[in-house]
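# Examination of the molecular architecture
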Amino acid sequence: MPAPVFTQPGTGARFDWGLAGAAELGRVCAVLVVVDVLSFTTSVEVAVARGIRVHPFPWGEQAADYALRVGAVAAVGRRQVTRDHPWSLSPAALRATPVVPDLVLPSPNGSAICAAASATGLPVVAACLRNADAVGRWLRDREYGTVDAPIGVVASGERWPDGSLRPCVEDQLGAACVLDALSGVPGGLSVEAAMALAALASTPDVPAAVRGCVSGRELVEQGFAGDVDIAVEAGVSRVVPVLRQGVFSVA
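Residues numbered from 1 in each chain as written. Predicted model: local features only at pLDDT ≥ 70, side-chain atom pairs only at ≥ 80, totals over all residues. Heavy atoms only, no water.

Per an unreviewed UniProt entry, the protein goes by the name Probable 2-phosphosulfolactate phosphatase and belongs to Micromonospora inyonensis.

Written as structure tokens, this is what we have:
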């Protein structure tokens, strides 16, 4: 187990990356905020806003079996959608699909982190550019952010072909927007959180940065520019999806 210093003790808002970072902060924080702008947490916000309960699940073929067990519809890859099965990890698709009561939404990054974090019993919040301000207000209203009830903000990141973590612009900026909304919490920001927040100072146009970064360009080149368009609509949502007992719903 890593040394206690890796949990960034003595602060009210902390920041780390990926599954390992979430596991470390989950040992000591009172609440976790997971950011996966392109596209898991943006998809969760869109779906939950429409009244869909979202079940996070690691990426893999077992998602369909799990969906059958819990009485849900399983989302598929963007290129696997059909007229009869239009649900996928696409905010644009989820904005237009028929509303179902429950949706299993797998992804290799944000969803896998949320699924693992749910085992801790902590509340887990899905944050993105669309609802970062609302998430910050929700946390402050519930008096999170003290040294005794710290907030862990986790940027999901992407994956290199070998499976290792690739820190990415969009999730750092999404996390920075959440941390900006948490500025002034009683316990203060850890050095890691403050440095993540500093990314905003050098990014005068966050939507343009997300469109122009590797992940944004990749989606556009694959024909999913609509997903990026929705993801960069900063501050438009008051929806705060909270994961409790393995399911995201409106807080």
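On to the side chain of Arg166. Looking at the element boundaries, Arg166 is found in strand E9 (residues 165–166). Although Arg166 lies buried, it forms no salt bridge, and the closest oppositely charged side chain, Glu158, sits 4.7 Å away as judged by the N-O distance. Engagement of the side chain of Arg166 in a polar contact is seen with the side chain of Ser215, the distance being 3.2 Å. With residues near it in sequence (within four places) discarded, Arg166 still touches Gly157, Glu158, Arg159, Trp160, Val214 and Ser215. (Helix = DSSP H or I, 4+ residues; strand = E, 2+ residues; numbered from the N terminus. Buried < 20%, exposed > 50% of the residue type's maximum accessible area, 1.4 Å probe, protein only. Lys, Arg positive; Asp, Glu negative; His and termini not counted. Salt bridge = Lys/Arg side-chain N within 4 Å of Asp/Glu carboxyl O. Polar contact = N/O pair within 3.5 Å; in protein donor to acceptor, adjacent residues only side chain to side chain. Contact = heavy atoms within 4.5 Å.)

In this section: the layout of surface pockets. If you roll a probe as big as a water molecule over the atoms, it shows you where there is empty space left. Empty space within the largest pocket amounts to approximately 470 Å³. The wall of the largest pocket is formed by 20 residues, among which Arg78, Leu89, Pro108, Glu158 and Leu219 lie closest to the centre. Where the lining of the largest pocket is concerned, the elements lending two or more residues are strand E8 (158–159) and helix H10 (214–221). At 3 residues, the largest contribution of residues to the lining of the largest pocket is made by H10. The class makeup of the residues in the lining of the largest pocket is 6 nonpolar, 7 polar and 7 charged. Taken as a whole, the second largest pocket spans an internal volume of roughly 180 Å³. Trp59, Gly60, Glu61, Ala63, Ala64, Ala74, Ala75, Val76, Gly77, Gln80, His85 and Pro106 together form the lining of the second largest pocket. (1 Å grid on protein atoms, 1.4 Å probe; cavity = no way out; pocket = protein on both sides within 12 Å on 5 of 7 lines; lining within 4 Å. Points joined across faces, edges and corners; volume = space filled by probe spheres on them. Nonpolar A, V, L, I, M, F, W, Y, C, P; charged D, E, K, R; others polar.)

Turning our attention to the nonpolar core. Counting 41 residues, the largest nonpolar core has Phe15, Val33, Leu139, Val153, Val178, Leu179 and Leu182 as its most contacted members. Beyond its immediate stretch of four places on either side in the chain, Leu139 contacts Val31, Val33, Tyr144, Ile151 and Leu182. (Core = buried A, V, L, I, M, F, W, Y, C linked by side-chain atoms within 4.5 Å.)

Our focus in this paragraph is helix H1 (residues 18–26). Taken together, the buried positions of H1 are Gly18, Gly21, Ala22, Glu24, Leu25 and Gly26. At its buried positions, H1 is contacted by strand E1 (13–17), strand E2 (31–35), helix H5 (110–117), strand E7 (151–155) and E9.

Quick look at the pattern of salt bridges now. Tallied over the full model, the rule gives 7 salt bridges. Across the salt bridge formed by Arg27 and Glu24, the nearest N and O atoms sit 2.7 Å from each other. With its nearest N and O atoms 2.4 Å apart, the salt bridge here joins Arg130 to Glu233. Here the residue Arg130 occupies a position in the loop between strand E6 (124–127) and helix H6 (132–141), and Glu233 occupies one in the loop between helix H11 (225–231) and strand E10 (241–244), the gap between them amounting to 103 residues. On the accessibility criterion, Glu233 (29% relative accessible area) is partly exposed. In the salt-bridge network here, residues are joined through shared partners; they are Glu45, Arg95, Arg130 and Glu233.

This part takes up the pairing of E2. For E2, a buried count of 5 out of 5 residues is recorded, marking the element as mostly surrounded by other parts of the structure. Both faces of E2 are covered, namely the face carrying Val31, Val33 and Val35 and the face carrying Leu32 and Val34. Relative to E7, E2 is paired through 5 bridges, and the arrangement is parallel. Of the residues in E7, the one forming a bridge with Val34 is Val154. As paired strands, E2 and E6 are joined by 4 bridges and run parallel to one another. Paired with Val34 across the strands is Ala126, a residue of E6. (Pairing = 2+ DSSP bridges.)

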